[in-house]
Amino acid sequence: MRSLDEFAAAKLAELERANLRRRLVDTTRLDGIWALRNGRRLLSFSCNDYLNLSQDPAVKAAAIDALERYGIGSGASRLVTGNHPVFAALEERLARLKQTQAACVFGSGYLANIGIIPALIGAGDLVLVDELAHACLFAGARLSRATVMPFRHSDLAHLQALLDQHRARHPRVLIATDGVFSMDGDLAPIPGLAALAERFDAWLMTDDAHGIGVVGGGRGSTFVAGVRADVPLQMGTLSKAIGAYGGYLCASACVIELIHNRARSFVYSTGLPPAMAAAAVAALDRIETDPAYAALPLAKARSFTRRVGLPEAESPIVPLIVGDAQAALRASRLLEAEGFLVIAIRPPTVPAGTARLRFAFTAQHPDHEIERLADIVRARILTAPPQAQAAGAR
Ligand SMILES: Cc1ncc(COP(=O)(O)O)c(C=O)c1O
């Protein structure tokens, strides 16, 4: 269709003019940390495999064994083809880690969020979402047909004001936030959110995609204070520190049963490949039995922030905000020339004017390379002229 291609070409040209066009670049991950790109080996700081478990021999062996036994795909929705015991085993492990009665595994984290929220919340209800929460929390909130109101990032006073003003007009209210913010690396103020949720009879949901395995002793953002905060809906993904693929919700037994019945992305989507579930179980074994290993990504991120002179990292994710998209691309190219893969993150993934480099630290990044990276960032990016480094780090 000519009009269709004209539409697509015009949209792409618009993105190009704003330095916002994205392209897939052939990149082969060689192991947990090195990647081959444009014919060069680069040390990657752009991968969420925080514990490098996607390459762990025991995790791979578990996946291979399950693949040999059960095949590749799972064949149909779990309600149709039957529930493979490996899913029950994984769900039991997730519930144990998160100290909930039950858990439900989805095809991905994105699928989890667009299924969970509309299963619990509907027209006439209210969803209050942190303005910097992940796109799929907003997608789930919008799909629910509830009123969606963003609250200022981690701002408990603003959230309380919205609850004061609007709570009484809605039968059900959901408060949704990332536990660890995916593009900023900071932790949500979970105890304060839980207190507000309790006070206003709202349901608190955290997306702990970047928390499980790496903060709170490996249990995630709900456990950062040392005890389990009162979060009745703990969602997350198996695709980051767990090193596999899939999403999950940990909650009470009756909420999980409702999800089995009502979450459309669970009911109407094929179950996760059994090998992924088996890999995730093996990854959880490692996280539960080796807390010192699970602590490494955060420790490495902190050694980087100390050396560069940035605010102390709260998670393995460290942002360096440079402001405009072109400056972020330039900084990323500079680091690539030095042998580092650090992708520029641009709007709409982050708000306009906050394009950034996002560094993701993993357990196996060598300390001497982190030092070299920090020195280059301090000497050549933080000191770049204003048009190349508009806002500085935050
Ligand atoms: C905070 C957050 N939630 C959800 C997702 C989606 O998870 P998945 O990749 O498993 O779909 C991501 C990233 O991909 C994320 O960063």
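Definitions and cut-offs
- Residues numbered from 1 in each chain as written.
- Predicted model: local features only at pLDDT ≥ 70, side-chain atom pairs only at ≥ 80, totals over all residues.
- Heavy atoms only, no water.
- Disulfide = S-S within 2.5 Å.
- Buried < 20%, exposed > 50% of the residue type's maximum accessible area, 1.4 Å probe, protein only.
- Near = heavy atom within 4 Å.
- Polar contact = N/O pair within 3.5 Å; in protein donor to acceptor, adjacent residues only side chain to side chain.
- Areas by Shrake-Rupley, 256 points an atom, 1.4 Å probe, with all protein chains shown as cover.
- Nonpolar A, V, L, I, M, F, W, Y, C, P; charged D, E, K, R; others polar.
- Core = buried A, V, L, I, M, F, W, Y, C linked by side-chain atoms within 4.5 Å.
- Helix = DSSP H or I, 4+ residues; strand = E, 2+ residues; numbered from the N terminus.
- Contact = heavy atoms within 4.5 Å.

Caption draft 1: Expanded view of the state of the cysteines. With the rule as written, the count across this model stands at zero disulfides. Take C104: it sits in no disulfide, and the sulfur closest to it among the cysteines is that of C250, at 9.7 Å. Taking relative accessible area as the criterion, C104 reaches 0% and is therefore assigned buried. Sulfur of C254: no disulfide; nearest cysteine sulfur belongs to C104 and is 14 Å away.

Caption draft 2: Inspection of the site of the ligand at higher detail. As a matter of local geometry, the ligand sits amid 14 residues, with G109, D207, H210, T237 and K240 nearest to it. One of the backbone nitrogen or oxygen atoms of G109 is found 2.8 Å away from an oxygen atom of the ligand. Side-chain polar atom of D207 to a nitrogen atom of the ligand: 2.6 Å apart, as the coordinates give it. Protein contacts shield 86% of the accessible area of the ligand, which totals 380 Å² for the unbound molecule. Of the residues that constitute the shell around the ligand, the class distribution is three nonpolar, eight polar and three charged.

Caption draft 3: Examining the nonpolar core more closely. With 39 residues, the main nonpolar core has L51, L90, L94, L238 and I242 as its most contacted residues. Put simply, the parts of the chain that give this core at least two residues each are α2 (57-70), α4 (85-98), β4 (102-106), β10 (247-251) and α11 (274-289). In terms of residues, this core owes the most to one element, α11, which gives ten residues. With residues near it in sequence (within four places) discarded, L238 still touches L90, L94, V105, G243, A244, Y245, G246, G247, Y248, L272 and A280. Among the nonpolar cores identified, the runner-up in size contains 31 residues, and A301, L310, V318 and V322 belong to it.

Caption draft 4: The arrangement of unusual backbone geometry in detail. With an omega of 10°, the peptide bond running from P347 to P348 counts as cis. A positive phi angle is found at Q99, which is not glycine, with a value near 55°. Following the sequence through the fold, Q99 ends up in the loop between α4 and β4. Exposure remark for Q99: the relative accessible area of 43% places this residue in the partly exposed category.

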